[in-house]
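As a plain string of letters, each chain reads:
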Amino acid sequence: MDEMKEVANREPGDKEEQNIGELLARAYRESVTLIQKEIEFSKVEILQKVSRAGRQAALLAIGAMVGLVSLLALTCAAVAALALYLQVWAAALIVAGAFALIGGAIALTGIVRLRRIEAAPRKTLEALREDKEWLKTQIH
């Protein structure tokens, strides 16, 4: 009861109210700083993932180019070998179909591996969730 009278009799400029205002201002500044740091962290995390995806894509492209050169040589050899038993057009068609199947399987493997790379900054999102919970506990 005495506490209620004390609160009711306080002047608006009391030191306790200023302390609350200072605490709220400090909490706001720290929240802004925390959010800015989380944004920077997410940028770094995203750049790391993009870099990793770039390396995988470069390996895929290099492998495709080397494969294309060998494919041309193998195509000529296979068509020449089959042409000993079939007409040249039939031999070329069979070889082209076989290489189309092989190329499709290789491209599909590359696509599947690229899809495995997660683009969302999971660590940053988790940190933001934790910050939100911490902020809730500080406010209440």
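See the structure shown above.
As a starting point, this report considers the structure included with it. (Residues numbered from 1 in each chain as written. Predicted model: local features only at pLDDT ≥ 70, side-chain atom pairs only at ≥ 80, totals over all residues. Heavy atoms only, no water.)

1. Description of the overall build of the protein chain
When its secondary structure is counted, the protein chain shows 4 helices and 0 strands. Going from the N terminus to the C terminus, the protein chain shows its helices and strands as α-α-α-α. Of all 140 residues assigned to the protein chain, the portion counted as buried reaches 11%. In the protein chain, the share of contacts with a sequence separation of at least 24, taken over all contacts with a separation of at least 6, comes to 70%. Summed over all atoms, the accessible surface of the protein chain reaches about 11,500 Å², with 67% contributed by carbon and sulfur. (Helix = DSSP H or I, 4+ residues; strand = E, 2+ residues; numbered from the N terminus. Buried < 20%, exposed > 50% of the residue type's maximum accessible area, 1.4 Å probe, protein only. Contact = heavy atoms within 4.5 Å. Areas by Shrake-Rupley, 256 points an atom, 1.4 Å probe, with all protein chains shown as cover.)

2. Looking at the side chain of Glu-45
Mapped onto the elements of the fold, Glu-45 is located in helix H2 (residues 15-83). The buried charged residue Glu-45 lacks any salt bridge, with Lys-49 as its nearest oppositely charged partner at 4.2 Å. Setting aside residues up to four positions removed in sequence, Glu-45 forms contacts with Pro-121, Arg-122, Lys-123 and Thr-124. (Lys, Arg positive; Asp, Glu negative; His and termini not counted. Salt bridge = Lys/Arg side-chain N within 4 Å of Asp/Glu carboxyl O.)

3. Re the pattern of salt bridges
Under the definition given, this model contains 3 salt bridges. In this structure, Arg-26 and Glu-30 form a salt bridge, with 2.9 Å as the shortest nitrogen-oxygen distance. Of this pair, Arg-26 and Glu-30 both sit in helix H2, 4 residues apart, which is roughly one turn of that helix. The class of Glu-30 is partly exposed, set by a relative accessible area of 36%. In this structure, Glu-40 engages Lys-43 in a salt bridge whose closest nitrogen and oxygen atoms are separated by 3.5 Å. In this pair, Glu-40 and Lys-43 are both assigned in helix H2, 3 residues apart and thus about one turn of the helix distant. Judged by its relative accessible area of 45%, Lys-43 is partly exposed.

4. Let's talk about a nonpolar patch on the surface
A grouping of Leu-84, Tyr-85, Leu-86 and Ile-94 is seen on the molecular surface, where their side chains present a nonpolar patch of about 490 Å² in accessible area. By secondary structure assignment, the location of Ile-94 is in helix H3 (residues 88-115). (Patch = residues over 30% accessible without salt bridge, like charges linked within 9 Å, V, L, I, M, F, W, Y side chains within 5 Å.)

5. Let's talk about the environment of Lys-123
You can see Lys-123 is positioned in helix H4 (residues 122-139). Overall, the relative accessible area of 59% leaves Lys-123 in the exposed class. Taking the C-alpha atoms as reference points, Lys-123 and Glu-45, separated by 78 residues in sequence, lie 8.0 Å from one another. If we skip the residues at most four places from it in the chain, Lys-123 touches Phe-41 and Glu-45.

6. As for H4
The terminal C-alpha atoms of H4 lie 26 Å apart, and with 18 residues this matches the ideal 26 Å at 1.5 Å per residue to within 8%. Of all the positions in H4, only Thr-124, Ala-127 and Asp-131 are classed as buried. Across the axial projection of H4, the buried residues extend over an arc of 60°, all falling on one side. (Expected span 1.5 Å × (residues − 1). Arc of directions from axis to C-beta.)

Interpretation in functional terms is not warranted from these geometric data alone.
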